[in-house]
Number of protein chains: 2
Amino acid sequence: MSDVRRILVAQGGGPTAVINQSLAGIALEARKFAGIEAVYGAFHGVRGIVNQDFVDLGQETADDLNRVAQTPAAALGSTRDKPDLKYCQEIFRSLRAHGIGSFFYIGGNDSADTVRIVSEAARADNYPLRCVHVPKTIDNDLMVNDHTPGFPSAARFVAQAFMGANLDNAALPGVYIGVVMGRHAGFLTAAAAMAQARPDDGPHLVYLPERPFSLEGFYTEVKANMERYGRCVVAVSEGIADAQGVPVANSLMAKVEKDAHGNVELGGGALADFLTRSLKQSLGYKRVRGDTFGYLQRSFAGCVSDVDQREAREAGENAVRFALKGDRDGSITIHRTGDYAAGFQFTALEELAGKTRHMPDEFIAESGSHVTDAFRRYLKPLLGSGMPDMQRLHSHPIAKISFEN
Amino acid sequence: MSDVRRILVAQGGGPTAVINQSLAGIALEARKFAGIEAVYGAFHGVRGIVNQDFVDLGQETADDLNRVAQTPAAALGSTRDKPDLKYCQEIFRSLRAHGIGSFFYIGGNDSADTVRIVSEAARADNYPLRCVHVPKTIDNDLMVNDHTPGFPSAARFVAQAFMGANLDNAALPGVYIGVVMGRHAGFLTAAAAMAQARPDDGPHLVYLPERPFSLEGFYTEVKANMERYGRCVVAVSEGIADAQGVPVANSLMAKVEKDAHGNVELGGGALADFLTRSLKQSLGYKRVRGDTFGYLQRSFAGCVSDVDQREAREAGENAVRFALKGDRDGSITIHRTGDYAAGFQFTALEELAGKTRHMPDEFIAESGSHVTDAFRRYLKPLLGSGMPDMQRLHSHPIAKISFEN
């Protein structure tokens, strides 16, 4: 029969820069407990469990696990599968065969929902299984948590990208638009605001999914910044939606497909391209550039928050402690004390599984197109040490000389 | 009249991560020479000269200049202006008014051409002006140079991006396409190959402007990698062109504009979106993702090669020495000794102004869709110290258990 001291770990959803820290945290913390019989890893999430694609994490050296922890993306591979009851039965068949009694799943809200489904099915099936969800998502949209592992590093990437983009735009002035991930929550897009050191630094505008987006308002605000600064840097969430809640990207795709008689299906860069084109056509600006940050922001190698690394590691360690010392299933949640310490709690899966947390009102400027200082104070300690420092010339002007002729 | 000890510095073309190192190198090296009367900076390149938008770099502290040097993009601003004879007359009018006798222009091949034009016009005009071009371009396409400041840092960004993208793609398998800058020279796209640590690591394919690109060949090669590895990571230069030399991006734009009756003008992400869409439609793959690295690769804050920083600084320092101790105009060029040291020479402007260097044949694999080890050996010392290390699990497999029922 199953034994809580026989552990299985898997990873689900989109990779992050620190998801392997949680994996290493689980594998190494388990070694400190007496009587741990096995720490297995399943490849590609729940699918790997069904297929018994298991590896023995107990045979990895601590040094190797620590190096894997420093490596972005998911070392065990990932999946987007969401198990139904039949899928759960197949999971239990594998777990039973290997006597697994503890199941750790590192992932976001969908993965938390998977853990909830497996947990409930195990109880219904009378299969003794300790189920623990370990948080991870660059979207930062898990309920209960102050923030989630993976978000600080992605936020750091976005902030550093906008630091550079702001200076690039200052060197060759015009409009720059950077489209950032996060379909439903604006946290990651809002991180762009950390690039602002001086009042005239970009991003000058930050558009979030939490506030309705209109092209007219966009034109007006860009124009105001162009008149004020001679340039404008804009951070846009890929999830911006109109007043009816329809994502701009969706309506855009339908519109352009129709224009092109079904021949044109827009891809990853469509929203940035649409916004830059619209600005050129409507306001007549010549230099309008757009980037879509895409996959770089979630798995770029070498742009990691050390605070994020540490917390992701501790989330894994705490998962093992709660699982082996406790008597219930749940999710590791991160909580903030002061400015700044992180604490870990064990929260019922129902409180966050499949739910989405949004940017609170206090983090969004009244204009609806920027963030507040409260957000900056919230994010700053998470970005970690060694953020680059952007220095300008002091610019002592030389008096102009009038020409005789 | 003008005095060679009255110096003016400006920056032209696209920003890089280290162009301010060259600026600081010039400003600080000039302080070591006796009798230097002025070190001015002009805002936004040659345009700032015409407009007398000058600042006194002599009043910046060494500490501030060293911090500006660490900051990406062009601290003095940039321009794409190319001066004609009338423009040169306006330049000389400004220079004469301020008694400037040394002109330093930090930029790529277009900027080198600007220096050549100004140099020739000054001679024709009998205006005594020492003109020095200081190299800078992420495209690495300046003749004579072994490589150019800015390229190593951009190459490092591209390599780190593909390290992460490769692991992201391994976690959630499919096809990943990353489109990299460089319209005429493939050096920066080729840098993606530095992400490969093991034989099955991506990028599995690298498409350069130096070799003809065909969609059919692309399909065949992607399919072969999908069959072999179950996934495929592709680096594509924005400048890939067909056998007739027509850039794919151009023909693509014309085609889609026609499809859409002139309503759709494709933007920055068009090539990546076209390639991902084509693969989905032709080969039926479900998970095909594309990113366009865009402006991030040239001005991302915090991803810099220390070798690049040092050499960009030295390029500026050497410019001052050649200008003040020599008797001719020219361009600072970088030359390689052994594995690895960099030396600086002073080369006639005609040898590189307005010309483009391409990837040599020895750097391109026979297949035409990857790089050679000679290229890897060439690039490796330029990337600098502290490149991230990608560690996998050793993956000791657990034997599968066959189920009774």
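For the structure, check the block above.
Summarised in this report is the structure supplied together with it. Every value quoted in this text rests on a predicted model; they were computed, and no experiment measured them. (Residues numbered from 1 in each chain as written. Chains lettered and ligands numbered in written order. Predicted model: local features only at pLDDT ≥ 70, side-chain atom pairs only at ≥ 80, totals over all residues. Heavy atoms only, no water.)

Some points on the overall build of chain A
Part 1: If you tally the helices and strands in chain A, you get 13 helices and 11 strands.
Part 2: Computed over the C-alpha atoms, the radius of gyration of chain A is 24 Å, within 12% of the 22 Å expected from 2.2 N^0.38 for a compact globule of 405 residues.
Part 3: Here the C-alpha coordinates of chain A stretch approximately 95 × 55 × 35 Å along the principal axes.
Part 4: Within the span of chain A, comprising 405 residues, buried residues form 62% of the whole.
Part 5: The long-range fraction of contacts in chain A, counting pairs at least 24 apart against all pairs at least 6 apart in sequence, stands at 77%.
Part 6: Taken as a whole, chain A presents about 14800 Å² of accessible surface, with 48% of it coming from carbon and sulfur.
Part 7: In chain A, 43 side chains carry a positive charge and 48 a negative one; their mean positions are 2 Å apart. (Helix = DSSP H or I, 4+ residues; strand = E, 2+ residues; numbered from the N terminus. Rg over C-alpha atoms; globule rule 2.2 N^0.38 Å. Buried < 20%, exposed > 50% of the residue type's maximum accessible area, 1.4 Å probe, protein only. Contact = heavy atoms within 4.5 Å. Areas by Shrake-Rupley, 256 points an atom, 1.4 Å probe, with all protein chains shown as cover. Lys, Arg positive; Asp, Glu negative; His and termini not counted. Charge placed at Lys NZ, Arg CZ, Asp CG, Glu CD.)

Observations regarding the interface of chain B and chain A
Part 1: Listed by partner, the interface residues are 91 residues for chain B and 91 residues for chain A.
Part 2: When chain B packs against chain A, close to 7400 Å² is buried across both sides, 59% of that on carbon and sulfur atoms.
Part 3: Residue B:D389 pairs with A:R67 through a salt bridge whose shortest N-O separation is 2.7 Å.
Part 4: Where chain B touches chain A, the interface holds 42 residue pairs in polar contact (both at pLDDT 80 or more).
Part 5: Secondary-structure elements contributing two or more residues to the side of chain B that touches chain A are β3 (54-56), α3 (62-69), α4 (85-97), α6 (151-171), α9 (248-259), α10 (270-283), β9 (288-292) and α11 (296-299) of chain B.
Part 6: Here the side of chain B that touches chain A takes 10 residues from α6(B), the largest share from any one element. (Buried area = accessible area lost by both parts, 1.4 Å probe. Salt bridge = Lys/Arg side-chain N within 4 Å of Asp/Glu carboxyl O. Polar contact = N/O pair within 3.5 Å; in protein donor to acceptor, adjacent residues only side chain to side chain.)

Quick notes on the sheet that holds strand β11 (residues 341-347) of chain A
Consider a sheet: its strands pair through backbone hydrogen bonds, and that pairing is either parallel or antiparallel.
Residues and elements named next belong to chain A.
Part 1: Read across the sheet, seven strands follow the order β3-β2-β1-β4-β5-β10-β11 without closing on themselves; strand pairing throughout is mixed. Both outer strands of the open sheet, β3 (54-56) and β11, are each paired with one neighbouring strand and no more. This sheet shows a mean twist of 30° between the axes of neighbouring strands, independent of strand direction.
Part 2: Taken together, the three bridges between strand β2 (residues 38-42) and β3 define a ladder with antiparallel strand orientation. If you follow A42 over to β3, its bridge partner there is F54.
Part 3: Contacting β1 (3-11), β2, β4 (100-107) and β5 (130-135), helix α1 (residues 19-30) crosses the sheet at an angle of about 165° to β1.
Part 4: Packed onto the sheet, helix α5 (residues 109-124) meets β4 and β5 and runs at close to 175° relative to β5. (Pairing = 2+ DSSP bridges. Axes fitted to C-alpha atoms, helices over the stretch in contact; angles between N-to-C directions.)

Overview of the relation of the copies chain B and chain A
Part 1: Its rotation angle being 180°, the transformation that places chain B on chain A also includes 0.0 Å of axial translation and leaves an RMSD of 0.0 Å. When the rotation and shift are considered jointly, the pair of chain copies conforms to a two-fold rotation axis.
Part 2: When you check the interface residues of chain B against chain A, 100% turn up at the interface there too, and the contact is symmetric in its surfaces. (Least-squares fit on C-alpha atoms with pLDDT ≥ 70 in both.)

Observations concerning the pairing of strand β8 (residues 232-237) of chain B
All names here are of chain B.
Part 1: With six of six residues buried, β8 is to be regarded as a mostly interior element.
Part 2: Bridge analysis of strand β6 (residues 175-180) against β8 gives six bridges, and the strand direction is parallel. Each bridged residue has a counterpart across the sheet, and for V175 the counterpart in β8 is C232.
Part 3: With three bridges joining them, strand β7 (residues 205-207) and β8 adopt parallel strand pairing. Each residue of the ladder has a partner; that of V206, found in β8, is A235.

Digging into the sheet that holds β9(B)
Residues and elements named next belong to chain B.
Part 1: Taken in spatial order, the four strands of this open sheet run β7-β8-β6-β9, and their pairing is parallel. With partners counted over all chains shown, the strands left at the sheet margins are β7 and β9, one partner each. Across the sheet, the mean angle separating the axes of adjacent strands is 15° when strand polarity is ignored.
Part 2: Where β6 lies against β9, five bridges are found, and the strand directions are parallel. By the bridge assignment, Y176 is partnered in β9 with R289.
Part 3: Lying on the sheet, helix α8 (residues 215-229) is in contact with β6, β7 and β8; it crosses β7 at an angle near 160°.
Part 4: Packing of α10 onto the sheet brings it into contact with β6, β8 and β9, and relative to β9 it is tilted by some 170°.

Quick look at the environment of B:G150
Residues and elements named next belong to chain B.
Part 1: The topology assignment puts G150 in the loop between β5 (130-135) and α6.
Part 2: With relative accessibility at 1%, the residue G150 sits in the buried group.
Part 3: For the pair formed by G150 and D308, sequence separation is 158 residues and the distance between their alpha carbons is 6.6 Å.
Part 4: In contact with G150, other than residues within four places in its own chain, are T16, V18, T137, I138 and D308.

Looking at unusual backbone geometry
Phi is mostly negative for residues that are not glycine, and the peptide bonds are mostly trans.
Part 1: With an omega dihedral of 0°, the bond running from A:G202 to A:P203 counts as a cis peptide bond.
Part 2: By the secondary structure assignment, A:P203 is in the loop between α7 (187-190) and β7 (205-207).
Part 3: Note the cis peptide between B:D339 and B:Y340, where omega equals 25°.
Part 4: Positionally, B:Y340 belongs in the loop between β10 (330-337) and β11 (341-347).
Part 5: One non-glycine residue with positive phi stands out, namely A:N126, at about 60°.
Part 6: Position of A:N126 relative to the elements: it lies in the loop between α5 and β5.

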